[in-house]
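# Descriptive analysis of the structure
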Amino acid sequence: VILFLGRISREKSIDQLIDLFAKLEEDNIYLLVVGDGPDLPSFKEQAISLNIINKIRFTGMIDPQDVPIYYQLSDVFLNFSTSETQGLTYVEALASGIPVVAKYDDNLEGLLVNGVNGFTFYEDDEAKAYLKQIKNDSSLRKKLSEGALQTAQATSSQAYAKAVENIYCSLMKGECK
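Residues numbered from 1 in each chain as written. Predicted model: local features only at pLDDT ≥ 70, side-chain atom pairs only at ≥ 80, totals over all residues. Heavy atoms only, no water.

### A few points about the pattern of salt bridges
Pairing between side chains of opposite charge can happen when the charged atoms of each approach one another. Taken as a whole and assessed by the stated rule, the structure comprises three salt bridges. For Glu11, the salt bridge goes to Arg7, with nearest N and O atoms at 2.9 Å. Residue Arg7 is classed as partly exposed on the basis of its relative accessible area, which comes to 44%. (Salt bridge = Lys/Arg side-chain N within 4 Å of Asp/Glu carboxyl O. Buried < 20%, exposed > 50% of the residue type's maximum accessible area, 1.4 Å probe, protein only.)

### Quick notes on a nonpolar patch on the surface
A cluster of nonpolar residues, Ile167, Tyr168, Leu171 and Met172, forms a patch on the protein surface that exposes about 450 Å² of accessible area. Residue position: Leu171 is located in helix α7 (residues 157-171). (Patch = residues over 30% accessible without salt bridge, like charges linked within 9 Å, V, L, I, M, F, W, Y side chains within 5 Å. Areas by Shrake-Rupley, 256 points an atom, 1.4 Å probe, with all protein chains shown as cover. Helix = DSSP H or I, 4+ residues; strand = E, 2+ residues; numbered from the N terminus.)

### Focus: the packing of aromatic side chains
Evaluation of the coordinates by the stated rule reveals five aromatic pairs. Summarising the aromatic geometry, the rings of Phe119 and Tyr130 are spaced 4.1 Å apart at their centres and angled 5° between planes, so their arrangement reads as stacked. Residue Phe119 is located in strand β6 (residues 118-121), and its partner Tyr130 is located in helix α5 (residues 124-136); the two are separated by eleven residues in the primary sequence. With relative accessibility at 17%, the residue Tyr130 sits in the buried group. Linked through ring pairs, Tyr71, Phe77 and Tyr90 together constitute an aromatic cluster. Lying over the aromatic face of Tyr30, Lys55 brings its terminal NZ or CZ to 5.5 Å of the ring centre. (Phe/Tyr/Trp six-rings, centres within 6.5 Å; stacked < 30°, edge-to-face > 60°. Lys NZ or Arg CZ within 6 Å of the ring centre and 35° of its normal.)

### A closer look at the sheet that holds strand β5 (residues 100-103)
Here six strands make up an open sheet; going across it, the order is β3-β2-β1-β4-β5-β6 and the pairing parallel. Unpaired on one side and paired on the other, β3 (56-60) and β6 mark the two borders of the sheet. Along the sheet, successive strands turn relative to each other by an average axial angle of 20°, direction set aside. Note: strand β4 (residues 76-79) against β5, three bridges, orientation parallel. Looking at the pairing, Leu78 lines up with Val101 of β5. (Pairing = 2+ DSSP bridges. Axes fitted to C-alpha atoms, helices over the stretch in contact; angles between N-to-C directions.)

Treat this as a map of the structure, not an account of what it does.
Now the structure itself:
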């Protein structure tokens, strides 16, 4: 199960994601599009016109408390957006142990590490190859999942608090212990 979770709008490049999904020749791959937004009807129409609507589930708006359930239902988080400012969904996916495959964007530097917690790509064919590799290689899937969890721990509130504390201590010339 490939997951996209977020606002369903053109700037998220969901049309490209659906186009790529239509080109996947793998059996037993499904796309779960979770969220709502102004362009949901046009993306549904796109899936119908590509004759893949039976392999895509558009959930529409969900209760925010149910978000973790959708991550746990998924094997890979896929995102084509290059307009993210905070990338919360990437961190949520990683914290759920879900590898991320995402179109390269500067905001992913330091968060996604190819072959460790997922992959970034520039061309659609790269994304297609990564998805196939993850699907067909259980040891890679396990390694990426473990890397995702480790990355999420490094971005936890505790890790952030420790980093801020270290900055204050260095500014105070090491007076903290």
